Amino acid sequence: MLLILPWIQSLHQTRGDSSSTIRPRPKNTLIRPKPLDQPSTTCGQAHSNSPVCSPSRASLLTGKYPAHAGVESILGGTRHTPGLPAQPTLASHLRDRGYRTGLFGKWHLGADSDYTPVHYGFDETFGFRAGCVDYYSHIFYWGGHNPVHDLWDGEDEVWRNGEYLTTLIGDRASEFIARSAPEGPFFCYIPFNAPHYPMHAPAEHMERVAHLPPGRQETAAMIAAMDDAVGVILRALEESGTRENTLVLMSSDNGPSRESRNWLDGEEVSYTGGSSGGLRGSKGSVFEGGIRVPGIVSWPARLPAGAEFDQVGVMMDVLPTVLHAVDGTAPALTEVDGISLLDALSDENQELPERSVIWTYQGQYAVRQGRYKLVEDAREGMDPPATVKRALYDLEADPQESVDISAQAPEVVLALEQELTDYRQAATRWEHEHELEPS
């Protein structure tokens, strides 16, 4: 099982934004095997569980809402930063089932030594523990404290000065696959940092997108480098003979960033290098632009090729879906908030059970049920103020969330408000449970 989680700034590959077209490498240097989107299912209604990174990753690995998992905010990068409370994860579930487990890339669920990936079911790890690092020095420079070098091979700090991080991650993940495949089943989690700031890309990739304007060029070059790294990883699957029966998922932890620190020329205006494909909002917002993300699922031996899955899925659904695929039947997971999507992915006529999905971040709330979405105190990105106090949107008719239909559907508003009330009560209970957990 292969899970690739880049941090997506530009969503043109799944949302039809062709303004960032990446010119291909010359044919004699192309390292990618068959494109991932050819034998795959695209998920047009894929969502993260949060508009920011750490909470989304917590949901991905635990199958729970961020509040239930115990991570609701962006975690810091000092070596004393606590993180995800102790609990079963996708990695620990799979290791219990005989899988060899590896993580290569960004952890961001606790930088303290008591919260590193080894404590959450991973046998082998390579990468960094904070939210971002310089791509060549692998130093974390943000957060109001002194710089922190942050590159680790397992529990050992390593120095790979001058080596581009995206390429390093791809190489280490492919080596893990080559070593693990002959021995038995494996789980390879690859949370790329690209294209998160700082906006660094090798010259060869910058040249491939030299026709693009500043900002857009750096973003596209970083995606091109990541695309090549994904190609190396997929080639390792093919060469090991495991591609046909490997479940590959690719998504992102939130929408594109508008933060001014993405610029490289000192600009302090909103960054325009990324794209939400016309959706409202960006990273930090509970509007669709902050939480709807690319989704690609590929399992040649089981899932249809070239299909489009248009039902709502969220990051917390990954754990029950993967365990369903591994076990052959949907597992009984009483503490998990997500559901298995496997049957619906396998059969276009299979409908998911009706449910409400909740998003919250820094006082913002959103709840979706079917075509309707209610937002409260929603803002456009990372920074206040809220631009919408309360509004109801019909996402089928208005995916840009531009027309408030609260007055036309008061009964829908009442029903969704009750869902939010129930969620807030559950969140209060979860917070109390985490307070009682031993530190």
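Let me begin by describing the structure that accompanies this report.

Thresholds applied
- Residues numbered from 1 in each chain as written.
- Predicted model: local features only at pLDDT ≥ 70, side-chain atom pairs only at ≥ 80, totals over all residues.
- Heavy atoms only, no water.
- Helix = DSSP H or I, 4+ residues; strand = E, 2+ residues; numbered from the N terminus.
- Rg over C-alpha atoms; globule rule 2.2 N^0.38 Å.
- Buried < 20%, exposed > 50% of the residue type's maximum accessible area, 1.4 Å probe, protein only.
- Contact = heavy atoms within 4.5 Å.
- Core = buried A, V, L, I, M, F, W, Y, C linked by side-chain atoms within 4.5 Å.
- Axes fitted to C-alpha atoms, helices over the stretch in contact; angles between N-to-C directions.
- Parallel < 35°, antiparallel > 145°, perpendicular 65-115°, else oblique.
- Nonpolar A, V, L, I, M, F, W, Y, C, P; charged D, E, K, R; others polar.
- Pairing = 2+ DSSP bridges.
- Salt bridge = Lys/Arg side-chain N within 4 Å of Asp/Glu carboxyl O.
- Phe/Tyr/Trp six-rings, centres within 6.5 Å; stacked < 30°, edge-to-face > 60°.
- Lys NZ or Arg CZ within 6 Å of the ring centre and 35° of its normal.
- Polar contact = N/O pair within 3.5 Å; in protein donor to acceptor, adjacent residues only side chain to side chain.

Moving on, we come to the overall build of the chain. Counting its regular elements, the chain contains 11 helices and 18 strands. Against the globule reference of 22 Å for 439 residues, the chain gives a C-alpha radius of gyration of 21 Å, in line with a compact fold. In terms of overall dimensions, the chain has C-alpha extents of about 60 × 50 × 45 Å along its principal axes. The 439 residues of the chain split such that 59% are buried. Pairs at least 24 residues apart make up 69% of the contacts formed inside the chain by residues separated by at least 6 positions.

Moving on, we get to the nonpolar core. If you look at the biggest cluster of nonpolar residues, it comprises 45 residues, and the most contacted ones within it are Ile177, Cys188, Ile190 and Phe192. Broken down by secondary-structure element, the contributors of at least two residues to this core are strand 5 (124-128), helix 5 (165-180), strand 10 (186-190), helix 7 (216-239) and strand 11 (248-250). With 39 residues, the next largest nonpolar core counts Leu75, Leu90, Trp299 and Leu352 among its residues.

Further remarks concern the packing of helix 5 against helix 7. The N-to-C vectors of helix 5 and helix 7 enclose an angle of 10°; their axes lie 9 Å apart at closest approach. Judged by the inter-axis angle, helix 5 sits roughly parallel to helix 7. Contacts from Thr166, Gly170, Asp171, Ala173, Ser174 and Ile177 of helix 5 reach helix 7 at Ala225, Met226, Ala229, Val232, Ile233, Ala236 and Leu237. Looking at side-chain class alone, the contact of helix 5 with helix 7 contains 9 nonpolar, 3 polar and 1 charged residues.

Taken across its 10 residues, helix 2 (residues 53-62) has 10 buried, putting it largely inside the fold. Along helix 2, the residues that are buried comprise Cys53, Ser54, Pro55, Ser56, Arg57, Ala58, Ser59, Leu60, Leu61 and Thr62. One or two residues past the end of helix 2 sits Gly63, with phi positive at roughly 75°.

Summarising the sheet, strand 15 (residues 356-361) and strand 16 (residues 364-369) pair through 6 bridges and their orientation is antiparallel. By the bridge assignment, Ser356 is partnered in strand 16 with Gln369. What sits between strand 15 and strand 16 in their antiparallel hairpin is a turn of 2 residues, with Gln362 showing a positive phi close to 50°. Between the end of strand 16 and the start of strand 17 (residues 372-378), which pair antiparallel, lie 2 residues, with Gly370 showing a positive phi angle near 65°.

Before going further, it helps to spend a moment on the pattern of salt bridges. Throughout the structure, instances matching the rule amount to 24 salt bridges. Among the salt bridges present, the one from Arg97 reaches Asp327, with a minimum N-O distance of 2.8 Å. You can see Arg97 sitting in the loop between helix 4 (90-96) and strand 4 (100-106) and its partner Asp327 sitting in helix 9 (residues 318-327), a full 230 residues away along the chain. Accessibility expressed as a relative area gives 32% for Arg97, which makes it partly exposed. Between Glu124 and Arg179 there is a salt bridge, with its nearest N and O atoms 2.6 Å apart. Taken together, the positions of Glu124 in strand 5 and Arg179 in helix 5 put the pair 55 residues apart, joining distant regions of the chain. Residues joined by salt bridges that share partners form a network here, namely Arg100, Glu124, Asp153, Arg172, Glu175 and Arg179.

With that settled, consider the packing of aromatic side chains. The relative placement of two aromatic rings is captured by the distance of their centres and the angle of their planes. As enumerated under the stated definition, the model contains 16 aromatic pairs in all. On the basis of an interplanar angle of 90° and a centroid distance of 6.4 Å, the ring pair of Phe176 and Phe186 is categorised as edge-to-face. Taken together, the positions of Phe176 in helix 5 and Phe186 in strand 10 put the pair 10 residues apart, joining distant regions of the chain. Here the two residues Phe176 and Phe186 agree in accessibility, since each one is buried. Between Trp263 and Tyr271 the ring centres are 4.9 Å apart and the planes differ by 70°, which places this aromatic pair in the edge-to-face class. Of the aromatic side chains, those joined through ring pairs into one cluster are Trp107, Tyr120, Phe122, Phe187 and Tyr189. The ring of Trp152 has Arg129 lying over it, and the distance from NZ or CZ to the ring centre is 3.7 Å. Positioned above the aromatic ring of Trp359 is the side chain of Lys373, whose terminal nitrogen or guanidinium carbon lies 5.9 Å from the ring centre.

Turning to its location among the elements, Asp394 is positioned in strand 18 (residues 388-394). The exposure class of Asp394 is buried, given its relative accessible area of 13%. Polar side-chain contacts of Asp394 include one of 2.9 Å to the side chain of Arg371. The residues contacting Asp394, other than those within four sequence positions of it, are Arg371, Tyr372, Pro399 and Ile405.

Here we come to helix 9. Burial analysis of helix 9 places 7 of its 10 residues in the buried class, the great majority of the element. The set of residues buried in helix 9 consists of Val318, Leu319, Pro320, Thr321, Val322, Leu323 and His324. Where helix 9 ends, the next residue or the one after it, Gly328, has phi of about 90°, a positive value.

What follows is about the sheet that holds strand 18. Overall, antiparallel pairing links the 4 strands, which are arranged 15-16-17-18 in an open sheet. Edge strands, defined here as strands with exactly one partner in the open sheet, are strand 15 and strand 18. Within the sheet, the average angular offset between the axes of one strand and its neighbour, ignoring direction, is 10°. Strand direction decides the pairing type here: strand 16 and strand 17, joined by 5 bridges, are antiparallel.

On to unusual backbone geometry. Along the chain, Ala194 connects to Pro195 via a cis peptide bond; the corresponding omega equals -5°. Within the element layout of this structure, Pro195 appears in the loop between strand 10 and helix 6 (203-208). Look at the link from Tyr197 to Pro198: it is a cis peptide, with omega at 5°. Relative to the assigned elements, Pro198 resides in the loop between strand 10 and helix 6. Notably, His138 is not glycine yet its phi reads approximately 65°, a positive angle.

Take the side chain of Arg172 next. On the secondary structure map, Arg172 appears in helix 5. Arg172 has contacts with Phe104, Glu124, Phe126 and Asp153, leaving out every residue within four places of it along the chain.

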